[in-house]
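# Topology and contacts: notes
Each chain, letter by letter, is given below.
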Amino acid sequence: MGLLDILLGRTKPVAPDLDQLFALPSAAITLQAAIGFTPTGQGAVCFATVEGAAFEQTHREVQALLDADAERAGSPVEPHRDDYGYSWLVSRRAPDQLPQLVNDLHAVNSSLEANGFGPQLLCSLAGFTDGAGRGLALVYLYKRGTFYPFAPLPGGGERRDNALELQVRSVLAGDLRIEQDLARWFPVWGAPGL
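Residues numbered from 1 in each chain as written. Predicted model: local features only at pLDDT ≥ 70, side-chain atom pairs only at ≥ 80, totals over all residues. Heavy atoms only, no water.

### A few points about the pattern of salt bridges
Applicable threshold: The salt bridge definition used is simple: a Lys or Arg side-chain nitrogen within 4 Å of an Asp or Glu carboxyl oxygen.
For the structure shown, the criterion picks out 7 salt bridges. Salt bridges here are not isolated pairs; linked through shared partners, they connect Asp130, Arg134 and Asp161.

### Some details on the pairing of strand β2 (residues 78-81)
The line we're drawing: Each pair of strands is called paired provided DSSP finds at least two bridges between the two strands. Here a strand is any run of E in DSSP of at least two residues, a helix any run of H or I of at least four, and the numbering for each starts at the N terminus.
Two strands pair when backbone bridges link them, and β2 and strand β3 (residues 86-92) are joined in this way by 4 bridges, in the antiparallel orientation. Paired with Arg81 across the strands is Ser87, a residue of β3. Following β2, the chain reverses through 4 residues before pairing antiparallel with β3; Gly85 in that reversal takes a positive phi of roughly 90°.

### Considerations on the sheet that holds strand β1 (residues 38-48)
Going by this rule: Geometry is summarised by axes, namely lines fitted to C-alpha atoms with helices restricted to the contacting stretch, and by angles between N-to-C directions that run from 0 to 180 degrees. Contact between two residues is taken to exist if any of their heavy atoms lie within 4.5 Å; hydrogens are not considered.
If you trace the 6 strands from one edge of the open sheet to the other, you get β2-β3-β1-β4-β5-β6, paired in antiparallel fashion. On the outer flanks of this sheet lie β2 and β6 (146-150), each paired with one strand and no other. Between one strand axis and the next, the sheet turns by 25° as a mean value, whatever way the strands run. Strands β1, β3 and β4 (121-129) of the sheet are contacted by helix α4 (residues 98-117), whose axis makes an angle of about 10° with β1.

### Some thoughts on the layout of surface pockets
Defined as follows: Computed over the protein atoms alone on a 1 Å grid, cavities are sets of points where a 1.4 Å probe fits but cannot get out and pockets are open sets with protein on both sides within 12 Å along at least five of seven lines; a residue lines them when it has an atom within 4 Å of a point. Grid points are joined across faces, edges and corners, and a volume is the space filled by probe spheres set on the points. In this count, Pro and Cys sit with the nonpolar residues alongside Ala, Val, Leu, Ile, Met, Phe, Trp and Tyr, while Asp, Glu, Lys and Arg are called charged and the others, Gly among them, polar.
Estimated volume of the largest pocket: approximately 380 Å³. In terms of lining residues, the largest pocket is bounded by 17 residues, among which Tyr86, Leu122, Phe186, Pro187 and Val188 are the most central. For the lining of the largest pocket, the secondary-structure elements that each account for two or more residues are β3 and β4. For the lining of the largest pocket, a count of residues per class yields 13 nonpolar, no polar and 4 charged.

### Thoughts on the nonpolar core
It is characteristic of soluble globular proteins that their nonpolar side chains tend to be buried jointly. Counted only if it meets this: Take the buried residues of types Ala, Val, Leu, Ile, Met, Phe, Trp, Tyr and Cys, join any two whose side-chain atoms come within 4.5 Å, and each joined set is a nonpolar core. Residue burial is assigned from relative accessible area. The probe radius is 1.4 Å, only protein chains are included, and a residue is buried under 20% of its type maximum, exposed over 50%, and partly exposed in between.
Core analysis: the largest hydrophobic core is formed by 54 residues, its most contacted members being Leu31, Trp88, Phe128, Leu176 and Val188. When residues of this core are assigned to their parent elements, the largest contribution, 8 residues, is made by α4. Those residues in contact with Phe128 that sit more than four places away from it in its chain are Ala28, Leu31, Phe37, Thr38, Pro39, Thr40, Leu98, Arg134, Gly135, Leu136 and Leu138.

### A short note on the packing of helix α2 (residues 24-35) against helix α5 (residues 162-172)
This is how it is decided: Note that the term roughly parallel is reserved for angles under 35 degrees, roughly antiparallel for angles over 145, roughly perpendicular for angles of 65 to 115, and oblique for everything else. Crossing handedness: left-handed means the near helix sits turned counterclockwise from the far one by under a right angle, and right-handed means the same turn made clockwise.
Interaxial distance between α2 and α5 falls to 10 Å at its minimum, and their mutual angle equals 120°. Between α2 and α5, the angle is such that the two are oblique. α5 is crossed by α2, and the crossing has right-handed handedness. Contact residues: α2 offers Ala27, Thr30, Leu31, Ala34 and Ile35, while α5 offers Leu164, Gln167, Val168, Val171 and Leu172. For the contact of α2 with α5, the residue count by class is 8 nonpolar, 2 polar and no charged.

### Some thoughts on the environment of Asp17
With respect to the secondary-structure elements, Asp17 resides in the loop between α1 (3-7) and α2. Classification of Asp17 by relative accessible area gives partly exposed; the value is 27%. Between the C-alpha atom of Asp17 and that of Gly145, which follows or precedes it by 128 residues, the distance is 5.6 Å. In contact with Asp17, not counting residues within four places along its chain, are Tyr140 and Arg177.

### Considerations on helix α3 (residues 53-67)
For clarity, the threshold we go by: Expected helix span is given by 1.5 Å per residue-to-residue step, counting one fewer step than there are residues.
With 15 residues, α3 should cover 21 Å at 1.5 Å per step; its first-to-last C-alpha distance of 21 Å lies within 8% of that length. On its buried side, α3 packs onto β1, β2, β3 and α4.

Okay, here's the thing in structure tokens:
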């Protein structure tokens, strides 16, 4: 960053830090103890839709990497395209396998990044639920290196439980790097893995 950038108030963007994902298992313990949310075992990586042979090759590499896990039953990652045109790679594990799910999400992100698809990466999420059937996602913003909670209200529709999101923010402030700009807490309506 140069002197002109400092004078004009420009800031250098935060570099993605995929290792932040490894804080999710300890955050899950805090989340469960504080407000009763437990992992669903589902997570996903979202990226701008990419077409072509290079992406297909990367997807096959991710598939092969995660297929090497002998404990996993079924497909390691499933592709999904949402109603908004974004692509997702979804991973499913047993609810008590959050560390393994985080490894999956990290491997998918790392593979896409290593193969030149880093600019298309948008976010990753891990799903949680409570005894009342409410859903919650902890969303990692790739380009910001921060997390935020997303809590859609049950019963369909595109409405959020803002009070729950703010409660989760305060509960997890010591466990995760929380996105401070609430305008960046983007809704992920219809996200697979939630």
